[in-house]
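Listed below are the residues making up each chain.
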Amino acid sequence: MSAVIQLDNLSVRLGPKTVLDRLNGSFSGRCIGLLGPNGAGKSTLINTLLGFYKPFQGSARVLGFRIDSEIRQVRALAGYMPEHESFIGHMTAVTFIRLMAELSGLPKQAALERAHEALFYVGLGEARYRKLATYSQGMKQLAKLAQAIAHGPRLVILDEPTNGLDPPARQRMIRLVREIRDTGELHLILCSHLLRDVEECCDAVIILREGQIVHYSNLEEERRANPRFLEMEAYGDDGSFAEAVAQLGCECALAGGRRMKIILPERFEMSALFRVAAERNVQLRRLSFRRDSLEDIFLKAMEGANGRP
Amino acid sequence: MAVRKRTYHAYSGPLTNARTRFAILFRYSWDNVMRSRFTSAYLVVCLLVAVVFAAIIYVSHSAILMALLRVAGHSKDFVDASFFYHFIQIEVGMALILVAFAGPGLISPDLANQALPLYFCRPLSRAEYVLGKFSVLAVLISVITWLPGLMLFALQGNLAGWSWASAHLQAARGIFLGSVVIILVYSALALAVSAWFRRKVLAGGVLLGVFFVGSGLGHTLDATLGTHWGGLLNIGGLIARVIAGLFGLQPGHNASSAISPAMAGVALLVVCAFCLYLIEHRIRAREVVRQ
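Cut-offs used in this document
- Residues numbered from 1 in each chain as written.
- Chains lettered and ligands numbered in written order.
- Predicted model: local features only at pLDDT ≥ 70, side-chain atom pairs only at ≥ 80, totals over all residues.
- Helix = DSSP H or I, 4+ residues; strand = E, 2+ residues; numbered from the N terminus.
- Contact = placed C-beta atoms within 7 Å.
- Buried ≥ 20, exposed ≤ 12 C-beta atoms within 10 Å, placed from the backbone.
- Nonpolar A, V, L, I, M, F, W, Y, C, P; charged D, E, K, R; others polar.
- Arc of directions from axis to C-beta.
- Pairing = 2+ DSSP bridges.
- Axes fitted to C-alpha atoms, helices over the stretch in contact; angles between N-to-C directions.
- Expected span 1.5 Å × (residues − 1).
- pLDDT = per-residue confidence, 0-100.
- Core = buried A, V, L, I, M, F, W, Y, C linked by C-beta atoms within 7 Å.

Colleague: Honestly, the overall build of chain A in this entry has me stumped. Any pointers?
Modeller: A count of helical and extended segments in chain A gives 11 helices and 14 strands. With respect to the three principal axes, the spread of C-alpha positions in chain A is 75 × 45 × 30 Å. Within chain A, contacts between residues separated by at least 24 positions form 68% of all contacts whose residues are at least 6 apart in sequence.

Colleague: Got a minute to help me understand the overall build of chain B in this structure?
Modeller: Looking only at helices and strands, chain B has 13 helices and 0 strands in total. Starting at the N terminus and ending at the C terminus, chain B contains elements arranged as α-α-α-α-α-α-α-α-α-α-α-α-α. For the C-alpha atoms alone, the extent of chain B along its principal axes is close to 80 × 60 × 30 Å. A total of 291 residues make up chain B; the buried ones form 41% of that total. Within chain B, contacts between residues at least 6 apart in sequence are counted, and of these 76% link residues at least 24 apart.

Colleague: What exactly am I supposed to notice about the interface of chain A and chain B here?
Modeller: Accessible area lost upon the coming together of the parts is a frequently used measure of interface size. Counting from both sides, the interface comprises 45 residues of chain A and, opposite them, 35 residues of chain B. Going through the elements one at a time, α2 (71-77), β6 (78-81), α3 (93-103), α4 (108-122), α5 (137-149) and α6 (167-183) of chain A are the ones with two or more residues in the side of chain A that touches chain B. Per-element accounting of the side of chain A that touches chain B gives the leading share, 7 residues, to α4(A). Here the residues of the side of chain A that touches chain B are counted per class, giving 22 nonpolar, 13 polar and 10 charged.

Colleague: It is not clear to me how helix α11 (residues 294-303) of chain A should be interpreted in this structure. Could you clarify?
Modeller: Count 3.6 residues to each turn of an α-helix, and residues three or four apart come out pointing the same way. Residues and elements named next belong to chain A. Burial in α11 covers these residues: L294, I297, F298 and A301. Angular distribution of buried residues about the axis of α11 spans 95 degrees; they occupy a single face of the element. Opposite its buried face, α11 presents the exposed residues E295, L299 and E303, each directed more than 90 degrees away.

Colleague: Looking at this structure, how should I read the sheet that holds strand β2 (residues 17-27) of chain A?
Modeller: Hydrogen bonds between backbone atoms are what pair the strands of a sheet, whose relative direction is either parallel or antiparallel. Residue and element names in this part refer to chain A. Read across the sheet, 4 strands follow the order β2-β1-β4-β5 without closing on themselves; strand pairing throughout is antiparallel. Here the strands that pair on one side only, and so sit at the sheet edges, are β2 and β5 (65-66). Strand contacts of helix α1 (residues 42-49): β1 (5-14), β2 and β4 (57-62), with the helix running at about 70 degrees to β2, the strand carrying the most contacts.

Colleague: Just checking my understanding: could you explain α5(A) for this structure?
Modeller: Here α5(A) contains 13 residues, and its C-alpha end-to-end distance of 19 Å stays within 8% of the 18 Å for a straight helix at 1.5 Å per residue. Q141(A), L142(A), A143(A), K144(A), L145(A), A146(A), Q147(A), A148(A) and I149(A) are the residues of α5(A) that are buried. For α5(A), the secondary structure elements touched by its buried residues are β6, α3, α4, β7 (155-159) and α6 of chain A together with α6 (116-120) of chain B.

Colleague: What is the right way to read the confidence of the model for chain B from this model?
Modeller: The predicted coordinates should not be examined in detail at positions where pLDDT is low. All names here are of chain B. Of all residues in chain B, 91% have pLDDT values of 70 or greater, and the mean over the chain is 88. Highest mean pLDDT in chain B belongs to helix α7 (residues 126-144) (96); lowest belongs to helix α3 (residues 63-68) (76). The ipTM assigned to the predicted complex is 0.86, against a pTM of 0.84.

Colleague: Could you clarify how one ought to interpret the pairing of β1(A) in this entry?
Modeller: One face of the sheet, then the other: side chains in a regular strand alternate in exactly this way. Residue and element names in this part refer to chain A. For β1 and β4, the ladder comprises 5 bridges, and the chain directions are antiparallel. Note that in β4 the partner of D8 across the bridge is S59. The turn joining β1 and β2, which pair antiparallel and follow one another in sequence, is formed by 2 residues; a positive phi near 65 degrees is taken by G15.

Colleague: Please clarify how the sheet that holds strand β3 (residues 31-35) of chain A should be interpreted in this entry.
Modeller: Residue and element names in this part refer to chain A. The strand order β6-β7-β8-β3-β9-β10 describes an open sheet built from 6 strands, whose pairing is mixed. Two strands close off the open sheet at either side, each with one partner strand: β6 and β10 (212-218). Going across the sheet, the axis of each strand differs from the next one's by a mean of 15 degrees, ignoring polarity. Running at roughly 150 degrees to strand β8 (residues 187-191), α6 makes contact with β3, β7 and β8 of the sheet. Of the strands in this sheet, β3, β9 (204-209) and β10 are in contact with α11, which crosses β9 at around 35 degrees.

Colleague: How should the nonpolar core be read in this particular structure?
Modeller: Nonpolar side chains in soluble globular proteins tend to end up buried together. Residues I97(A), A146(A), L190(A), Y186(B), L191(B) and I239(B) are the most contacted members of the largest nonpolar core, which totals 163 residues. Sorting elements by how many residues they give to this core places helix α10 (residues 169-196) of chain B first, with 14 residues. Counting residues in each nonpolar core, the second largest holds 10 residues, with L230(A), V245(A), A277(A) and V282(A) among its members.

Colleague: I'm lost on unusual backbone geometry in this one. Help?
Modeller: Trans is the common state for peptide bonds, and a negative phi is the common state for residues other than glycine. Residue and element names in this part refer to chain A. Despite not being glycine, L63 has its phi angle at roughly 50 degrees, a positive value. Mapping L63 onto the fold places it in the loop between β4 and β5. Given 18 C-beta atoms within a 10 Å radius, L63 is considered partly exposed. The phi dihedral of E210 falls on the positive side, at around 50 degrees, and the residue is not glycine. Along the polypeptide, E210 turns up in the loop between β9 and β10.

Here is the structure:
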């Protein structure tokens, strides 16, 4: 898959402060999550990719187009859902989205049709002739999503799409994002500080800290590559099995009854565990690897600045 | 294409010309301005002035009507450059009210609702955004200044003959270039004020204040310091001075009368440049907060 974003020594300074510091890498994925604590530079990176901020040094490419010399092409291919309230209050939703679609290059009639479609798609069909100023917070978020997709972009950038939403509205937003992702017709960049949102929607994640990329990975591969935590039930153990496992270099903890939790060392061969169990005539049942959650990945990335792409 | 399709699909149809995208902003902003009954009614009033001037021209060429009005002995040559200058002067005042009402609503709602990122994340530059908004004011002012002005000139030329028209071409130039000056100065001020004040009423008040307070301050400076440089603060006076120069006339005695048309023109250019600076500073997708 070709890169969605390519960063080439990208630095951004806002006033005297360096907000993004020499970012490098090539990132692909159907839905890329941008994670990081407040002030990490997530929104600045998005704003720079959209040409709102000029790079202090280096450059970047979005879908193959340079952000410094080909920003019009980048913007023509992108849809953007900003974090904060952003709309024109005195307009009806359908007029607003039609305007935005026309500004993206759609002819009048096509823009009107797409505006209706987008509003129905996000679930605002019945409220499309209401003025945006009268919308609730959840409806405004959906209207922002509608304007981001109405012109059929190849890349949609979502900045904190679940901000200020109650749980049902959040679920609805996440479901929409996943539906859009699953159409396979576009790429998504989802910027959030909510790990759950990213975990539920993204197949790749970039973790930023203090203006630097501290981690980038394909989430599924990452989970598969880190089967370090093992949960199992051991039958027929006379008490020596845990000791024998510990002698293999594992950290072993009894979790009540016959259940055991084991942290495996690096390059551990599972056959050694089975051999020890066979020698003691212990039956291993319900053997399962606990995969790293995104939270584990995130916390690891926050602890050290390893794993740069 | 069905309206109620509930699946996402990309757009693969034709796109409009990127160079004319600013016209979309013009269309939507124009609709918004003309939705106001006051603006529509006021435009009609402004055009009535042109109708009155047209009636005067027509009457001046009708011996019967002149006799009926008992002004038969008067010469019809009073329709000259000063006649059109007075027309433009009236429309300059009326245009200020129109701009004070329509101008602030052009940018301030976008700022109040933080809509600028939505404009600029699309293939639309800041210059095109400003051009789209500017064109609304340019058309509004044109409708009440040079368009009716040149129509009046054409009417007079038609009635008085080609020799009159060729002898008074400077008046036609004054009508057009004077209107261009009004369009540029009023629009720049209105857009700058609209970009800095989010409340429309406040922005309109500030725009009028720039003219009236500037005029008062200019007079006060001249009176207290015994100079004529206070006229540089009187934007209305500067406009009158430039327009009078374009018509080849001397303006009435006011604070700017001691300032040459060229100097008044330079002062207005400085005002426009300052307004552009203010607009450029404000019309951004994202503000950078200095720490």
